[in-house]
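Now for the letters of each chain:
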Amino acid sequence: MPAHLTPLSGSVTTTARLNIRKGAPSTSAPITARAEPGTTLEVVGLIDGDSVSGNRQWYSGGNDAFFWSGACGAFRPSSTGTAPVFDVSRRPDGTIRVLSETEIRATYGDFAHTERHGGRIAIGGSWIGDNIVDLATPILTEEGFPSIQVHRKAAAPFQRAFAAIEQAGLQGLIRTCAGTFVPRHKGWDPNRGLSSHSWGIAIDLNVQWNGYGSVPAPLGAVGSVRELVLMFEAEGFGWGGYFQPASICDGMHFELARRDL
Ligand SMILES: [Zn+2]
């Protein structure tokens, strides 16, 4: 048996024809069934398995059954009931793409800015007062962050993601929170575009184990955020750990990618 299975309770709906394998999360394990696109499958766990198109996350369906996550839509924790409907762009493997700066401005608002030292910016006008709100969540309060600053449109998705994390008993995975709303350029580099943190739609978790440009901590390792990816994706957040090439991989980073808010 593979080393680490994170228990989950929920379901997914297949987006492509999917093989159900027996015994291991592996493309060489025997196929016991095939699910047509649009089939809803029960999920009892998440596990690292054979990499398919660069994605090694597999689901356990119970009874020793395993299937690849890339042929499934967003994970729906059983606590949330029906699937949230939202507009995001997905990669061929089913993971969520983050928005371009143009799309972010269109959905979350446009502002003018002036440059500050060290890649920081100052946002002009009344945009901050009109759009950035304080959000308190029990999990982050326990970690010493009684409130975080986020975009008003992102408050409910953040809140639901954290509630699902708590409901799944995964709150212990969150060790540090290094910021949400921070007006700045990507990578603090004034030559790059603006960071989504400037709009309050992103959060950095467990930085120490998921540094910028390095491989994020694997499932089951101290500081891993991989289990949380499902909870955030279920609310329309993309994960920086999927950013390519490896030099911009950003495992600490979760970013709201909904265009319908
Ligand atoms: Zn970030």
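Residues numbered from 1 in each chain as written. Predicted model: local features only at pLDDT ≥ 70, side-chain atom pairs only at ≥ 80, totals over all residues. Heavy atoms only, no water.

**Brief notes about the overall build of the protein chain**
What the protein chain contains, in helices and strands, is five helices and 16 strands. Taking 2.2 N^0.38 as the reference for a compact globule, 261 residues should give roughly 18 Å; the C-alpha atoms of the protein chain span a radius of gyration of 19 Å, in line with that estimate. In terms of principal-axis extent, the alpha carbons of the protein chain reach across some 60 × 35 × 35 Å. For the protein chain, the residues scored as buried account for 49% of the 261 residues in total. For the protein chain, long-range pairs separated by at least 24 residues make up 59% of all intrachain contacts whose partners lie at least 6 apart in sequence. Summed over all atoms, the accessible surface of the protein chain reaches about 11300 Å², with 52% contributed by carbon and sulfur. Averaging the coordinates of the 22 positive side-chain charges in the protein chain and doing the same for the 24 negative ones gives two points 4 Å apart. (Helix = DSSP H or I, 4+ residues; strand = E, 2+ residues; numbered from the N terminus. Rg over C-alpha atoms; globule rule 2.2 N^0.38 Å. Buried < 20%, exposed > 50% of the residue type's maximum accessible area, 1.4 Å probe, protein only. Contact = heavy atoms within 4.5 Å. Areas by Shrake-Rupley, 256 points an atom, 1.4 Å probe, with all protein chains shown as cover. Lys, Arg positive; Asp, Glu negative; His and termini not counted. Charge placed at Lys NZ, Arg CZ, Asp CG, Glu CD.)

**Some thoughts on the coordination of the zinc ion**
With distances of 2.0 Å, the protein atoms coordinating the zinc ion are H197 (NE2), D204 (OD) and H253 (ND1). Motif for the zinc ion, donor spacing along one chain: H-x6-D-x48-H. On the criterion of sequence distance, the pair formed by D204 in strand 14 (residues 202-204) and H253 in strand 16 (residues 253-256) is long-range, its members being 49 residues apart. What makes D204 buried here is its relative accessible area of 8%. What makes H253 buried here is its relative accessible area of 4%. (Donors = N, O, S within 2.8 Å, 3.2 Å for Na, K, Ca; no water.)

**Structural notes on empty space enclosed by the protein**
Within this structure, the stated rule accounts for one cavity of 30 Å³ or more. By residue number, the principal contributor to the lining of the largest cavity is strand 5 (residues 55-62), which donates three residues. For the lining of the largest cavity, the residue count by class is five nonpolar, six polar and three charged. (1 Å grid on protein atoms, 1.4 Å probe; cavity = no way out; pocket = protein on both sides within 12 Å on 5 of 7 lines; lining within 4 Å. Points joined across faces, edges and corners; volume = space filled by probe spheres on them. Nonpolar A, V, L, I, M, F, W, Y, C, P; charged D, E, K, R; others polar.)

**Examining the nonpolar core**
I203 and F232 are the most contacted members of the largest nonpolar core, which totals 63 residues. Take this core: its biggest share by element is six residues, from helix 4 (residues 155-167). For I203, the contacting residues outside a window of four places in its chain are L140, I148, F158, F162, C177, G179, T180, H197, F232, M252, H253 and F254. (Core = buried A, V, L, I, M, F, W, Y, C linked by side-chain atoms within 4.5 Å.)

**Details of the pattern of salt bridges**
Scanning the model with the defined rule gives seven salt bridges in all. Across the pair E101 and R105 runs a salt bridge, and its minimum N-O distance is 3.0 Å. A residue pair is termed a helical-turn pair when its members lie 3 or 4 positions apart in one helix, as E101 and R105 do in helix 1 (residues 101-108) at four residues. For E101, a relative accessible area of 29% translates into the label partly exposed. Several salt bridges share partner residues, and in doing so they unite D87, E103 and R259 into one network. (Salt bridge = Lys/Arg side-chain N within 4 Å of Asp/Glu carboxyl O.)

**Considerations on the packing of aromatic side chains**
Per the stated rule, a full pass over the model turns up ten aromatic pairs. For the pair Y59 and F75, a centre-to-centre distance of 6.3 Å together with 25° between the ring planes defines the contact as stacked. With a gap of 16 residues between them, Y59 in strand 5 and F75 in the loop between strand 6 (65-68) and strand 7 (76-77) connect regions that are remote in the sequence. Across the pair, exposure class does not vary: Y59 and F75 are buried alike. Note on W239 and Y242: the rings are 5.0 Å apart at their centroids and 85° apart in plane angle, and the pair reads as edge-to-face. With a relative accessible area of 2%, W239 lands in the buried category. One aromatic cluster is present, built from ring pairs that chain together F158, F162, F232, F237 and F254. (Phe/Tyr/Trp six-rings, centres within 6.5 Å; stacked < 30°, edge-to-face > 60°.)

**Focus on the pairing of strand 4 (residues 40-52)**
Across seven bridges, strand 1 (residues 5-13) lies against strand 4 in antiparallel orientation. Note that in strand 4 the partner of P7 across the bridge is G45. Sheet topology places strand 4 next to strand 5; five bridges connect them, and they run antiparallel. Its bridge partner being in strand 5, L46 is matched across the sheet by Y59. Hairpin connection, strand 4 to strand 5: the antiparallel pair is bridged by two residues, and S53 has positive phi, about 50°. (Pairing = 2+ DSSP bridges.)

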